[in-house]
Amino acid sequence: MAHRVTLIPGDGIGPEVSAAVVRIIEAAGVAIEWDEHHAGVTAVEQTGSTLPQSLLDSVIANRVALKGPVTTPVGEGFTSVNVGLRKTLDLYANLRPVTNLPGVPSRYQDVDMVIVRENTEDLYSGMENEIVPGVVAGLKIITATASERIARFAFRHATENGRRKVTAIHKANIMKQADGLFLRSARTVAREFPDITYDEKIVDNACMQLVMRPEQYDVLLLPNLYGDIVSDLAAGLVGGLGVVPGANLGEQAAVFEAVHGSAPDIAGQDKANPTALLLSGLMLLRHIGERTAADVIFGALTRVMAAGTTITRDLGGSASTTQFTDAVVREIHAHRG
Ligand code: NAI
């Protein structure tokens, strides 16, 4: 029986990279019925809403979605669809594995970490007010419930995946109350997992350490804003935004999406690297029990990367999105005979 999965193509390079991923997954022989829904600007034109109820109903019914990036206007316009989706469906854990891919050129070759980002609160509360003209206050919301929940997710993930250390990242020297609560929650949960080493780093020092000695990190546990920023920094350690996947996980649904955004500078030019969304798609396949297909696709992907003749521009090659996708599909067919 075919799996039913919600597909949100997204904006900018979203439709190009999601079409590539759908093609590759189909080539591996996985039967998926894609239930396509639009969000953001495209959805407003069709439904009058940036996050239509029909999209939310689809994700809740299917419990799993593959999502391309959605554009959010800077400094004006509608609020983020991504934040809205994560909050509405309570997708509280943002999981971003950052590892070197065989054959992918990057500054470091021994990076293997997982970023666990709290996805529902912090400065992303959306509560901002101009108190008097020229003075704006934004609310940073940190709760013990959400902090302990994400810390427990990080420690469980470490335990279940053979990882040894969880590092909580914070700025509790300045935000003594908010980040202090996040840290206290992490410490409380750490005591439940004596086999996992627990340590803490102030976020500015953590960023410096990440670019000096990234191999010292294993699982990073961060509140929402630091998690967002540090994810992009970490992507830069292993080849850039074109190769780092992600998942937004909650009790009722899982939405898989790359770390990168809609890349308006290269949208519609057949230049985007679909690898990040493809790796997110492989996380999705493993999530729905299609491990063998995920392994076959990963093998094909790494062979294409290692051959180095058909890689996209962001990795120093000259292949288009289509040429790269063709190469991965050929490798899958070669493997399947
Ligand atoms: P971005 O991630 O879209 O792009 C940053 C740089 O990385 C650009 O030079 C872009 O060309 C490059 N890049 C990104 N993905 C790539 C890929 N797959 N292949 C090759 N090069 C790639 O970040 P930016 O420009 O800050 O944001 C653009 C829009 O995306 C904004 O509206 C932002 O709100 C939105 N966004 C959406 C996200 C989501 O839907 N989850 C996440 C991050 C940003």
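What you see is a predicted model; the values in this text were computed from it and never measured. (Residues numbered from 1 in each chain as written. Predicted model: local features only at pLDDT ≥ 70, side-chain atom pairs only at ≥ 80, totals over all residues. Heavy atoms only, no water.)

## A few points about the domain arrangement of the chain
Condition: What fixes the domain bounds is an automatic or database domain assignment. The quantity reported as buried area is the accessible area (1.4 Å probe) lost by two parts once they are put together, taken as the sum for both. Put simply, a salt bridge is a Lys or Arg side-chain nitrogen that is within 4 Å of an Asp or Glu carboxyl oxygen. Polar contact criterion, stated in full: a pair of N or O atoms within 3.5 Å, where within protein one must be able to donate a hydrogen and the other to accept it, and residues adjacent in sequence count only if both atoms are side-chain atoms. Counting from the N terminus, the helices are DSSP H or I runs at least four residues long and the strands are E runs at least two residues long. Three residue categories are used. Nonpolar comprises Ala, Val, Leu, Ile, Met, Phe, Trp, Tyr, Cys and Pro, charged comprises Asp, Glu, Lys and Arg, and polar comprises the others, including Gly.
Partitioning the chain into structural domains gives domain 1 (1–101 + 238–337) and domain 2 (107–223). Look at where the C-alpha atoms of domain 1 and domain 2 centre, and you get two points 25 Å apart. In total, about 1700 Å² of surface goes out of reach between domain 1 and domain 2, with carbon and sulfur atoms giving 52% of it. Ranking the residues of domain 1 by area buried against domain 2 places K87, Y92 and N100 at the top, with a combined share of 35%. One can count one salt bridge joining domain 1 with domain 2. Our count for the contact surface shared by domain 1 and domain 2 stands at 13 residue pairs in polar contact (both at pLDDT 80 or more). For the side of domain 1 that touches domain 2, the elements supplying multiple residues, two or more each, are α4 (81–88), β4 (93–99) and β11 (247–249). The biggest single contributor to the side of domain 1 that touches domain 2 is β4, with seven residues. Residue composition of the side of domain 1 that touches domain 2, by class: nine nonpolar, four polar and four charged.

## Points about the packing of aromatic side chains
Note on aromatic pairs: each is described by the distance of the centres and the angle between the planes. This is how the line gets drawn: Note on ring pairs: Phe, Tyr and Trp rings are taken, using the six-membered ring of Trp, and paired if centres are within 6.5 Å. Classes follow the plane angle, with under 30 degrees stacked, over 60 edge-to-face and the rest tilted. The rule is simple: take the accessible area with a 1.4 Å probe, protein chains only, and divide by the maximum for that residue type; under 20% is buried, over 50% is exposed, in between is partly exposed.
All told, the structure shown has three aromatic pairs when counted by the stated rule. The interplanar angle of 85° and the centroid separation of 6.3 Å between the aromatic rings of Y92 and F153 together place this pair among those described as edge-to-face. With a gap of 61 residues between them, Y92 in the loop between α4 and β4 and F153 in helix α5 (residues 144–160) connect regions that are remote in the sequence. Accessibility expressed as a relative area gives 9% for Y92, which makes it buried.

## A closer look at the packing of helix α10 (residues 291–307) against helix α11 (residues 321–336)
The condition that has to hold: Axis lines are fitted to C-alpha atoms, over the contacting stretch for helices. Their N-to-C directions set the angle, which ranges from 0 to 180 degrees. What sets the label is the angle itself: under 35 degrees gives roughly parallel, over 145 gives roughly antiparallel, 65 to 115 gives roughly perpendicular, and the rest give oblique. Crossing handedness is read from the near helix: turned anticlockwise from the far helix by less than a right angle, it gives a left-handed crossing, and turned clockwise, a right-handed one. Should any heavy atoms of two residues lie within 4.5 Å, those residues are counted as being in contact.
One can describe the packing of α10 onto α11 by two numbers: an axis separation of 9 Å at closest approach and a directional angle of 125°. Taken together, α10 and α11 sit at an angle that is classed as oblique. Crossing of α10 over α11 shows right-handed handedness. Along the contact surface, α10 presents V296, I297, A300, L301, R303, V304 and M305, while α11 presents F324, A327, V328, E331, I332 and H335. Of the residues in the contact of α10 with α11, the class split is ten nonpolar, one polar and two charged.

## Comments concerning the sheet that holds strand β5 (residues 112–118)
Heads up, the rule is: Two strands are said to pair when DSSP picks up at least two bridges between them.
The strand order across the open sheet built from ten strands is β2-β1-β3-β12-β11-β4-β5-β10-β8-β9, with neighbouring strands paired in mixed fashion. Since the sheet does not close on itself, it has two edges, and those belong to β2 (32–36) and β9 (197–202), each with one partner. Each neighbouring strand pair of the sheet contributes to a mean axis angle of 25°, computed without reference to strand direction. The pairing of β4 with β5 spans seven bridges and is antiparallel. Across the sheet, residue N94 finds its bridge partner in β5, namely R117. Running at roughly 150° to strand β1 (residues 3–8), helix α3 (residues 53–62) makes contact with β1, β2, β3 (64–67) and β12 (254–256) of the sheet.

## With respect to the side chain of D35
Note on placement: D35 falls in strand β2. Classification of D35 by relative accessible area gives buried; the value is 15%. A polar contact is formed between the side chain of D35 and the side chain of S58, at a distance of 2.7 Å. Not counting the four nearest positions on each side in its chain, D35 is found in contact with R4, V5, T6, L7, S58 and N62.

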